[in-house]
Amino acid sequence: MATVELTKENFDRTVSENPFVLIDFWAGWCRPCLAFAPVYEKAAEANPDLVFAKVDTEAQQELAAAFQITSIPTLMIVRDQVAIFAQPGALPEAALTDLIGQARALDMDEVRAKISAQQAAPGEEPGGAPGTPEG
């Protein structure tokens, strides 16, 4: 499957209808982006069960801003509508292959449980009374 060009019009549908989406945020003037493109395409060919998508940050500035993309290329992986990875920088082929394997191996029930726990208790765990004088 060829890579899918994501726009603000098809982004939500693509991410919600596919359980595993890799997203390459890039621009045509970015040399590291252009160097990463063949590595990304090769990974797409090797993993036809996954959706490989690209966001042209020049044409889709709203999407880039929504995801706070400040450096390109940035690779994001979304599984079951949860962003599980986002990191700038062009990856070598072996690193991308390893990353895809790690993302496939994640237990998404466990990931969702951790997210829920973090959202429920954004501060410190209850127990100790902060500010209690010692001695």
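Everything quoted here is computed from the prediction, not taken from an experiment.

Undergrad: Would you mind going over helix α2 (residues 31-46) with me for this structure?
TA: The terminal C-alpha atoms of α2, which comprises 16 residues, lie 24 Å apart, in line with the 22 Å expected from a rise of 1.5 Å per residue. At Ala37, α2 is bent by approximately 30°, the largest bend along its length, and proline Pro38 sits one to four residues beyond. Among the residues of α2, Cys33, Phe36, Val39, Tyr40, Ala43 and Ala44 are the ones counted as buried. Of the surrounding secondary structure, the elements contacted by the buried residues of α2 are β2 (20-26), β3 (51-56), β4 (74-79) and α4 (93-105).

Undergrad: For this particular structure, what's the right way to read the pairing of β3?
TA: Successive residues of a regular strand alternate their side chains across the two faces of the sheet. Taking burial as the measure, the six residues of β3 include six buried ones, the bulk of the element. Of the two faces of β3, the one holding Val51, Ala53 and Val55 and the one holding Phe52, Lys54 and Asp56 are both buried throughout. Of the pairings in the sheet, the one linking strand β1 (residues 4-5) to β3 comprises two bridges and is parallel in character. Bridge pairing in β3 links Val4 to Ala53. Where β2 meets β3, six bridges bridge the pair, whose relative direction is parallel. Looking at β3, one finds that Asp24 is bridged to Lys54. Taking the sense of rotation as the criterion, the β-α-β connection linking β2, α2 and β3 turns out right-handed.

Undergrad: Looking at this structure, how should I read the confidence of the model for the chain?
TA: Should pLDDT be low for a region, the predicted coordinates there are not to be read in detail. Averaged over all residues, the pLDDT of the chain equals 89, while 89% of them reach at least 70. Of the regions scoring below 50 in pLDDT, residues 125-135 engages in zero contacts with residues more than four places distant in sequence or in other chains.

Undergrad: How should the packing of aromatic side chains be read in this particular structure?
TA: Aromatic ring pairs are described here by two measures, namely the spacing of the ring centres and the angle between the planes. With the rule as written, the count across this model stands at four aromatic pairs. Ring centres of Phe11 and Phe67 lie 5.1 Å apart, and the angle between their planes is 45°; on these two criteria the pair is classed as tilted. Linking Phe11 in helix α1 (residues 11-17) with Phe67 in the loop between α3 (61-66) and β4, this pair joins segments that are 56 residues apart in sequence. We classify Phe11 as buried; its relative accessible area is 7%. With relative accessibility at 31%, the residue Phe67 sits in the partly exposed group. Plain terms: the ring middles of Tyr40 and Phe52 are 5.2 Å apart, the flat faces sit at 70° to each other, and that makes the pair edge-to-face.

Undergrad: Can you help me understand the environment of Leu50 in this one?
TA: By secondary structure assignment, the location of Leu50 is in the loop between α2 and β3. By relative accessible area, which is 4% here, Leu50 ends up buried. Put simply, Leu50 and Phe20 are 30 residues apart on the chain and 5.7 Å apart in space, counted from C-alpha to C-alpha.

The rules behind the values
Residues numbered from 1 in each chain as written. Predicted model: local features only at pLDDT ≥ 70, side-chain atom pairs only at ≥ 80, totals over all residues. Heavy atoms only, no water. Helix = DSSP H or I, 4+ residues; strand = E, 2+ residues; numbered from the N terminus. Expected span 1.5 Å × (residues − 1). Bend = angle between axes of the 7 residues up to and from the residue. Buried < 20%, exposed > 50% of the residue type's maximum accessible area, 1.4 Å probe, protein only. Contact = heavy atoms within 4.5 Å. Pairing = 2+ DSSP bridges. Right-handed = clockwise from strand over helix to strand, strands pointing away. pLDDT = per-residue confidence, 0-100. Phe/Tyr/Trp six-rings, centres within 6.5 Å; stacked < 30°, edge-to-face > 60°.

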